[in-house]
Amino acid sequence: GDTITKYQFADGNPAGGSGYFSVNGVVQAANTLVEITAAQFAQTSFVGGNGSDLVGVRAFDGTAWGEFKFINIGPAALQAPLTAAPGGSTTSATVVSTGQGDDLAYGVSGGVLDGEQAVLAEAQQATAASLYGSTGAEALHGGTASELLLAGGGDDTLYGGAGDDWLLAGAGADVISGGAGADRFVLAAGLGLDTVLDFDAQEGDQLVLAGFGVGNYVEVEAHLSQQGSDVLIAFGADQILLKNTLAAEIGASQVSFA
């Protein structure tokens, strides 16, 4: 398709304490049309507030503007161990958060790795909210519901929050935290190096592997090694690092295949 040259954003909630757009650290007023260049996209974030914000976004390809896509973003639920924070950070350029309720938030150009398509429909049915990354570096923060977080093409940070979440890695070097609940970390061939911060078998967490040419846990074990306090699962250039995890904690019931 054509190269995107400009974006427009709009925030429809002017109430005090509500969320707002920030461009290069400058707060943008509600009920105004915010227009940025493609070069400014990496410095643009939406900072969640105390209420629910209906925001819109559309893109311009040099010839025509696309239709506005609207996103309902609830109160932010940001928790450790992520270093990303509302308003920008050293780790992520775009920050999107959902709170309670059924929300849909997505970047302008999200993507699904080969092998994840079969999982995506199941994840959408199992979750109440969805956040989709774009081609830049984003931090996607879930709330208290069971959510689907889908990384885009950049080096993204995903935090699921309190529900039973589905977290799908993208093509960049992603850092993923499921939070509380029985989470599913979906990792596909072509992902590069992804890091899972809080894999917890006792909470019911699962790894879902797609496209790696393995179909049972015995085959996975051949690619699994203990690296200090972490577990590394390596398929050539594609590597999954499970932080603060012991290999003995992972078995056939913690791994499934797409």
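Residues numbered from 1 in each chain as written. Predicted model: local features only at pLDDT ≥ 70, side-chain atom pairs only at ≥ 80, totals over all residues. Heavy atoms only, no water.

(A) Local environment of the overall build of the protein. A tally of helices and strands in the protein yields 2 helices and 22 strands. Burial status across the protein gives 47% buried among its 258 residues. Counting only contacts in the protein whose residues sit at least 6 apart along the sequence, the fraction spanning at least 24 positions is 46%. Split by element, the accessible area of the protein, about 10800 Å² in all, is 51% carbon and sulfur. (Helix = DSSP H or I, 4+ residues; strand = E, 2+ residues; numbered from the N terminus. Buried < 20%, exposed > 50% of the residue type's maximum accessible area, 1.4 Å probe, protein only. Contact = heavy atoms within 4.5 Å. Areas by Shrake-Rupley, 256 points an atom, 1.4 Å probe, with all protein chains shown as cover.)

(B) Expanded view of the confidence of the model for the protein. On average, residues of the protein score 74 in pLDDT, and 68% of them are at 70 or above. Every residue in residues 76-118 scores below 50 in pLDDT, and together they form 129 contacts with partners more than four places removed in sequence or on other chains. (pLDDT = per-residue confidence, 0-100.)

(C) Quick look at the sheet that holds strand E5 (residues 44-47). Strand order across the open sheet formed by 3 strands is E3-E2-E5, with antiparallel pairing between neighbours. The sheet is open, and its two edges are formed by strand E3 (26-27) and E5, each paired on a single side. When strand E2 (residues 20-23) meets E5, the two strands line up antiparallel, connected through 4 bridges. Bridged to Ser22 within E5 is Ser45. (Pairing = 2+ DSSP bridges.)

(D) Up close: the environment of Gln43. Residue position: Gln43 is located in the loop between strand E4 (33-37) and E5. Taking relative accessible area as the criterion, Gln43 reaches 38% and is therefore assigned partly exposed. Put simply, Gln43 and Val23 are 20 residues apart on the chain and 5.7 Å apart in space, counted from C-alpha to C-alpha.

(E) A look at the packing of aromatic side chains. According to the stated counting rule, one finds 7 aromatic pairs in the structure shown. Taking 5.0 Å as the distance between ring centres and 45° as the angle between the ring planes, the aromatic pair formed by Phe9 and Phe21 counts as tilted. One end of the pair, Phe9, is in strand E1 (residues 6-11); the other, Phe21, is in strand E2, with 12 residues separating them in the sequence. With respect to burial, Phe9 and Phe21 carry one shared label: buried. Here the aromatic residues Tyr7, Phe9, Phe21, Phe41 and Phe46 are joined through ring pairs into a cluster of three or more. Over the aromatic face of Phe60 sits the side chain of Lys6, whose NZ or CZ is 4.9 Å from the ring centroid. (Phe/Tyr/Trp six-rings, centres within 6.5 Å; stacked < 30°, edge-to-face > 60°. Lys NZ or Arg CZ within 6 Å of the ring centre and 35° of its normal.)

(F) Local environment of the side chain of Gln206. Position of Gln206 among the secondary structure elements: in strand E18 (residues 206-210). In terms of polar contacts, Gln206 uses its side chain to reach the backbone carbonyl oxygen of Ser253, at 3.2 Å. A distance of 3.5 Å separates the side chain of Gln206 from the side chain of Ser256, its partner in a polar contact. Contact partners of Gln206, with chain neighbours within four places excluded, come to Asp183, Arg184, Phe185, Phe199, Ser253, Gln254 and Ser256. (Polar contact = N/O pair within 3.5 Å; in protein donor to acceptor, adjacent residues only side chain to side chain.)

(G) Spotlight on the side chain of Asp11. The residue Asp11 is located in strand E1 in this model. No salt bridge is formed by the buried Asp11, whose closest oppositely charged neighbour, Arg58, lies at an N-O distance of 16 Å. Not counting residues within four places of it along the chain, the set of residues in contact with Asp11 comprises Gly19, Tyr20, Phe21, Ala30, Asn31, Thr32, Phe46, Asp53, Leu54 and Val55. (Lys, Arg positive; Asp, Glu negative; His and termini not counted. Salt bridge = Lys/Arg side-chain N within 4 Å of Asp/Glu carboxyl O.)

(H) Quick peek at the nonpolar core. Judged by nonpolar contacts, the single largest core of 25 residues is most densely connected at Phe185, Leu187, Leu209, Ile233, Leu242 and Ile250. When contributions to this core are tallied by element, the ones reaching two or more residues are strand E16 (184-188), E18, helix H2 (217-221), strand E20 (230-235) and strand E21 (238-242). Broken down by element, this core gets its largest block of residues, 3 residues, from E20. Apart from residues no more than four positions distant in its own chain, Ile250 is found in contact with Phe199, Tyr217, Leu224, Val231, Leu242, Thr245 and Val255. (Core = buried A, V, L, I, M, F, W, Y, C linked by side-chain atoms within 4.5 Å.)

(I) The arrangement of the environment of Ala162 in detail. Tracing the backbone through its elements, the reader meets Ala162 in the loop between strand E13 (157-159) and strand E14 (166-168). Ala162 sits 19 residues away from Gly181 along the chain, and the two C-alpha atoms are 5.9 Å apart.

(J) Geometry of the pairing of E16. E16 sits mainly inside the fold: 4 of its 5 residues count as buried. Relative to E16, E14 runs parallel, the two sharing 3 bridges. Residue pairing across strands places Leu168 opposite Val186, the latter belonging to E16. Examined bridge by bridge, E16 and E18 share 5 bridges and lie parallel to one another. Residue pairing in the sheet places Arg184 in a bridge with Gln206 of E18.

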